[in-house]
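# Breakdown of the fold
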Amino acid sequence: MEILILVVTLVFELAIAVYSIATKQSCSKIKSWMRIAIFIGFMMLILGEIVVWEYTWGLFAGLLFILTFKEIVALLGKQTHTPRYKAFSTVWKFLLLALTVVVTLVPVLLFPQHRLPQVTGPYAVATATYSYVDKNRIEEFTDQNDNRLVNVEFWYPELAAGTYPLLVFSHGAFGIRTSNTSTFTELASNGYVVVSIDHPYHSFYTVSEEGKIVTVNPEYMEEVNNANKAGAYSLGEYFELTQKWMTLRTDDMDFVIDTILKQAEQRKDSVYERIDTKKIGVFGHSMGGAASVALSREHNDIEAVVNIDGPFFSELVYDKVTNELTAKPEAYNIPLLNVYSDDVWIQLDSISTYIANRISNENFKDAYNVHFKGAKHLSLTDLPLFSPILAYLLQGGKADIDKYYAIDTQNELILRFFDYALKNQGQFAPKSTY
């Protein structure tokens, strides 16, 4: 719809310009009525809910309103003379207006309207946001000696009695806490309390309850980007970086879980009173998936883990003598579901970064491994739904898998896995490839 509106608007303006040049007339009245018609047509699309109104339409709607107002004034005004026709003026005015139309539609083109994945659970879902201050840690990314502040968002059954398992999510390297909102909503609708963490200075941006905005740390971003370039770091340096990232992530997750459990004991809030403190699962995308696996080794309360396209950084051991990475020789006994895109699947047996993830790793012999054939790294988040263009640019191309099939199927698998591992409901026997 966004592309259609762009094309129609430009075609109308081009038609006006071409007709004006062909007839060597300014055609001011025709131009006025056509622009008014475009504005009326756009408003009808909104009122008819063919176009779903979002703030992203604001610039374009404002432009149409200004043009329409100008043309109405021109039609109502008394013309004392006929405007002179100038071909050059007609051409550059069209080009300027065409550029303005494209610019005002950029927000809509970046974030087009889309359908949300279907929610299958019986419960209405509510959300809540909180900012937790960790008084035991000083923020390492600033020099202000402040305690670390972690922002979280909950998705939970709104009008439901009883308590429900707690699921803690960690986003990817430069992600945000809403990266997998469709997953959180699906889980909450089926009787889970989901909390997603913004890791300050690791997340692209985060906003506290007081409105303080914190953006991604440039040095951290450079570290991650360089880590993906061959030769940027020695193997030892790379290993130290990954352990540093894991420490920050797991400290955040551990702090959030402990804070929630303390609040749940008091049961003074509609969110916390719905939490079953004896049933906890963790999951995450990319670096967040790696952190989830790492935390499960440290936190005895965790009973189920989902790793979405993440390397097992915490399972690596670096040998300074041989300059090699190997997998830890420790059995992993917590129920684990690994969900992989093509981007990671093809690397499992090729590079040392994913040596612990290998299907042949006996320490993870009981883990479930699922491969989404044709999926790219961001196919396992909601980004391709909200912004296909950004997903295309960030992951280096278009995925071969249908974006709705990927996220719907993944959400179903994660729900069935947590139902099996935390609620003892049904069996879990996923296919190896989807």
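Just so it is clear, the model here is predicted, and its values are computed rather than measured.

## Some thoughts on the environment of Val-339
Mapped onto the secondary structure, Val-339 falls in strand S11 (residues 336–340). Taking the C-alpha atoms as reference, Val-339 lies 31 Å from Glu-273; in sequence the two are 66 residues apart. In this view, Val-339 contacts Asn-307, Ile-308, Asp-309, Val-370, Phe-372, Leu-380 and Gln-410; residues no more than four positions away in its chain are not counted.

## Describing the pairing of strand S8 (residues 302–308)
In terms of burial, S8 is a largely internal element, six of the seven residues being buried. Where strand S7 (residues 275–285) lies against S8, six bridges are found, and the strand directions are parallel. Paired with Ile-280 across the two strands is Ile-302, which belongs to S8. After leaving S7, the chain enters helix H8 (residues 287–298) and then returns to the sheet as S8, a path that is right-handed. In terms of strand pairing, S8 meets S11 through four bridges, oriented parallel. If you follow Val-306 over to S11, its bridge partner there is Leu-337.

## Looking at the sheet that holds S11
The strand order S1-S2-S4-S3-S7-S8-S11-S12 describes an open sheet built from eight strands, whose pairing is mixed. With one partner strand each, in any of the chains shown, strand S1 (125–138) and strand S12 (368–371) form the two edges of the open sheet. Ignoring strand direction, the axes of neighbouring strands in this sheet form an average angle of 20°. Relative to S12, S11 runs parallel, the two sharing four bridges. Bridge pairing in S12 places Tyr-340 opposite His-371. Its contacts with the sheet put H8 on strand S3 (164–170), S7, S8 and S11, and the angle it makes with S8 is roughly 155°.

## Looking at the pattern of salt bridges
Evaluated as defined, the whole model comprises 14 salt bridges. Where Asp-134 meets Arg-137, a salt bridge forms, and the shortest distance between an N and an O atom there is 2.7 Å. Relative accessible area serves as the criterion here: at 6%, Asp-134 is assigned to the buried category. Residues joined in a network through salt bridges with shared partners are Asp-134, Arg-137, Glu-139, Arg-148 and Asp-252.

## Some points on the packing of helix H1 (residues 2–23) against helix H2 (residues 28–47)
When two helices pack together, their arrangement is given by the angle between the helix axes and the distance between those axes. Across the interface, H1 lies against H2 with an axial gap of 10 Å and an inter-helix angle of 170°. One element, H1, and the other, H2, form an angle in the roughly antiparallel class. Contacts between H1 and H2 involve Ile-5, Thr-9, Phe-12, Glu-13, Ile-16 and Tyr-19 from the first element and Ile-30, Lys-31, Met-34, Arg-35, Ile-38, Phe-42 and Leu-45 from the second. In terms of residue class, the contact of H1 with H2 is built from nine nonpolar, one polar and three charged.

## Re the pairing of S11
Moving residue by residue along a regular strand, the side chains alternate between the two faces of the sheet. A large share of S11 lies buried, amounting to five of its five residues. Here S11 shows no split at all, with Leu-336, Asn-338 and Tyr-340 on one side and Leu-337 and Val-339 on the other all buried.

## A word on the side chain of His-377
Tracing the backbone shows His-377 in the loop between S12 and helix H10 (383–386). Within the structure, the side chain of His-377 is placed 2.7 Å from the side chain of Asp-309, a separation counted as a polar contact. If we ignore the near neighbours within four places in the chain, the residues touching His-377 are His-285, Ser-286, Asp-309, Ser-341, Asp-343 and Gln-395.

## Some words on helix H4 (residues 87–110)
Relative to the 34 Å expected for 24 residues at 1.5 Å per residue, H4 spans 34 Å between its end C-alpha atoms, a close match to the ideal helical length. Roughly 35° is the biggest bend found in H4, and it falls at Thr-104, with proline Pro-107 one to four residues downstream. When we look at burial in H4, the residues that qualify are Ser-89, Thr-90, Phe-94, Leu-97, Ala-98, Val-101, Thr-104, Leu-105, Val-108 and Leu-109. The inward-facing, buried residues of H4 abut H1, H2, helix H3 (58–76) and helix H11 (388–395).

## Regarding a nonpolar patch on the surface
A contiguous nonpolar surface patch, about 410 Å² in accessible area, is contributed by Met-1, Leu-4, Val-8, Phe-12 and Ile-50. Inspection of the secondary structure puts Ile-50 in the loop between H2 and H3.

## Focus: the nonpolar core
The nonpolar side chains of a soluble globular protein tend to be buried, and buried together. Residues Tyr-132, Val-152, Phe-154, Trp-245 and Ile-260 are the most contacted members of the largest nonpolar core, which totals 60 residues. Within the second largest apolar cluster, 30 residues are counted, among which are Ala-375, Ile-401, Ile-414 and Tyr-434.

## A short note on unusual backbone geometry
Backbone geometry places Asn-145, a non-glycine residue, at a positive phi of 60°. Considering the arrangement of structural elements, one finds Asn-145 in the loop between S1 and strand S2 (147–157). You can call Asn-145 exposed: its relative accessible area is 61%. We note that Asn-323 has phi near 55°; this positive angle belongs to a residue other than glycine. Tracing the chain through its elements places Asn-323 in the loop between strand S9 (316–319) and strand S10 (324–327). In this structure Asn-323 comes out as partly exposed when scored by relative accessible area, which is 41%.

Conventions we followed
Every chain is numbered independently, its residues counted from 1 as its sequence is written. Given that the model is predicted, a residue must reach a pLDDT of at least 70 before its local features are reported, and side-chain atom pairs must reach 80 or more before they are shown or counted; all residues, however, enter totals for whole chains, interfaces and linings. To obtain the side-chain values, all non-hydrogen atoms of the structure were used and water was disregarded. Put simply, DSSP H or I for four residues or longer makes a helix, DSSP E for two residues or longer makes a strand, and each gets a number counted from the N terminus. A contact between two residues is defined here by any heavy atoms of the two lying within 4.5 Å. For every residue, the accessible area obtained with a 1.4 Å probe (protein chains only) is divided by the maximum for its type, and the residue is called buried under 20%, exposed over 50%, and partly exposed between those limits. Pairs of strands are assigned from DSSP output, requiring at least two bridges between the strands. Here, the term right-handed applies to a crossover whose path from the first strand over the helix to the second runs clockwise when the strands point away from the viewer. Here, axes are lines fitted to C-alpha atoms. For helices the fit covers the stretch in contact, and angles between N-to-C directions go from 0 to 180 degrees. Here, a salt bridge means any Lys or Arg side-chain nitrogen found within 4 Å of an Asp or Glu carboxyl oxygen. Orientation categories follow fixed angle ranges, with anything under 35 degrees roughly parallel, anything over 145 roughly antiparallel, 65 to 115 roughly perpendicular, and all other angles oblique. Each residue is assigned to one class: nonpolar for Ala, Val, Leu, Ile, Met, Phe, Trp, Tyr, Cys and Pro, charged for Asp, Glu, Lys and Arg, and polar for all the others, Gly among them. We define a polar contact as two N or O atoms separated by no more than 3.5 Å, with the added condition that, inside protein, one atom must be a possible hydrogen donor and the other a possible acceptor, whereas residues neighbouring each other in sequence contribute only through side-chain atom pairs. Between the first and last residue of a helix there are one fewer steps than residues, each counted as 1.5 Å, and that sum is the expected span. To get the bend at a given residue, fit one axis to the seven residues ending there, fit another to the seven starting there, and take the angle between those axes. Like charges are joined within 9 Å and nonpolar side chains (Val, Leu, Ile, Met, Phe, Trp, Tyr) within 5 Å, but only among residues with over 30% relative accessible area and no salt bridge; these make up the patches. Residue-level accessible areas treat just the shown protein chains as cover; the underlying method is Shrake-Rupley with a 1.4 Å probe. For our purposes a nonpolar core is just a set of buried Ala, Val, Leu, Ile, Met, Phe, Trp, Tyr and Cys residues, chained together by side-chain atoms within 4.5 Å.

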